[in-house]
Amino acid sequence: MDELINPNPVVHERRATQRHNKPVHKQTSGSSLGSGDREPIDALEIFEHIRDINDPEHPYTLEQLNVVSEDMIDVDDARGRVSVQFTPTVAHCSMATLIGLSLRVKLWRSLPPRFKVDIKLSPGSHSSEAAVNKQLSDKERVAAALENPNLLAMVNKCLAGPAGAGAGASVAP
C-alpha cells in the first residue's frame, strides 16, 4: 500500500482482562458422567479470540487500535448467538469489510458450530455502514469472498497474530 487510509492511528495499550468463575451448564444429552458439562461462552472469551487480529493496514492489533472491545460484544450462550460490533479508525475506512470478514472467520474457526455469529459496524462509525453490514451478513457474499485466494490470504495474514510474532512468515490459506 502506497498511501495509508489513516496514517496516524491512535494506539492503545493492551488491556488486562480478568476471568471470573463461570458457571458450568449441564446439558441434557450425554450418557457418561461429566460429558454433559460445558462452560458457557461469554463476551470475554470472544474478546480473547479476536483481540489479537492484525489490522490489515497497520502493524497493530484490532485491540490496540480500539477497533474491537469487550463491551461491544454480546453473547447469548443458551441460544448460540454471538454479536460483535467493531469501529474502524476512520469513517471512510476501505478495510472495514476485510476487518469484518477477518472477525467472522476467526470466530467460525474458534467457536463450536452451534453458534451463529453476527458481525456489524458500530452504529454511525462508517460512511458506508449499511453497505458494509449487508456484505458481512450475506452468507453467499462471505462464501464467495473466501473462495478468492488473494482475499483469503489477506484474511489469514490478519489472523496470524500480532505482527511481532513471526512477522515475515508466510501464512498458508
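Rules used in this analysis
- Residues numbered from 1 in each chain as written.
- Predicted model: local features only at pLDDT ≥ 70, side-chain atom pairs only at ≥ 80, totals over all residues.
- Heavy atoms only, no water.
- UniProt positions renumbered as here; feature names shortened; annotations may be inferred.
- Salt bridge = Lys/Arg side-chain N within 4 Å of Asp/Glu carboxyl O.
- Helix = DSSP H or I, 4+ residues; strand = E, 2+ residues; numbered from the N terminus.
- Buried < 20%, exposed > 50% of the residue type's maximum accessible area, 1.4 Å probe, protein only.
- Core = buried A, V, L, I, M, F, W, Y, C linked by side-chain atoms within 4.5 Å.
- Contact = heavy atoms within 4.5 Å.

As recorded in an unreviewed UniProt entry, the protein chain goes by MIP18 family-like domain-containing protein and comes from Chlamydomonas reinhardtii. The record in UniProt for the protein chain states the following under Sequence similarities (unreviewed entry): "Belongs to the MIP18 family."

For the rest of this paragraph, the subject is the pattern of salt bridges. Evaluation of the coordinates by the stated rule reveals seven salt bridges. A salt bridge links Arg114 to Asp77, with the shortest nitrogen-to-oxygen separation between them at 2.9 Å. Here Arg114, found in the loop between α2 (96-110) and β5 (116-121), pairs with Asp77, found in the loop between β3 (73-76) and β4 (81-86); they are 37 residues apart in sequence, far enough to count as distant. The exposure class of Asp77 is buried, given its relative accessible area of 8%. Note that Arg141 is salt-bridged to Asp138, the shortest N-O span being 3.6 Å. Judged by its relative accessible area of 39%, Arg141 is partly exposed. One network of salt bridges, with partners in common, ties together Glu48, Arg51 and Glu63.

Our next topic: the nonpolar core. One finds Phe86, Leu103 and Leu107 to be the most contacted residues of the largest nonpolar core, which totals 36 residues. Looking at this core, the elements that each hand over two or more residues are α1 (43-50), β4, α2, β5, α3 (129-137), α4 (139-147) and α5 (149-159). Take this core: its biggest share by element is seven residues, from α2. With residues near it in sequence (within four places) discarded, Leu103 still touches Ile50, Ile53, Leu62, Val68, Phe86 and Ile119.

For the rest of this paragraph, the subject is the environment of Glu63. If you trace the backbone, Glu63 turns up in the loop between α1 and β3. Each C-alpha atom, one on Glu63 and one on Arg51, is 5.0 Å from the other, the two residues being 12 residues apart in sequence.

What follows concerns the environment of Pro88. Within the secondary structure, Pro88 sits in the loop between β4 and α2. When the C-alpha positions of Pro88 and Leu121 are compared, they lie 7.9 Å apart, and in sequence the two are 33 residues distant. Residues within four places of Pro88 in sequence aside, it is in contact with Cys93, Ala96, Leu121, Ser125 and His126.

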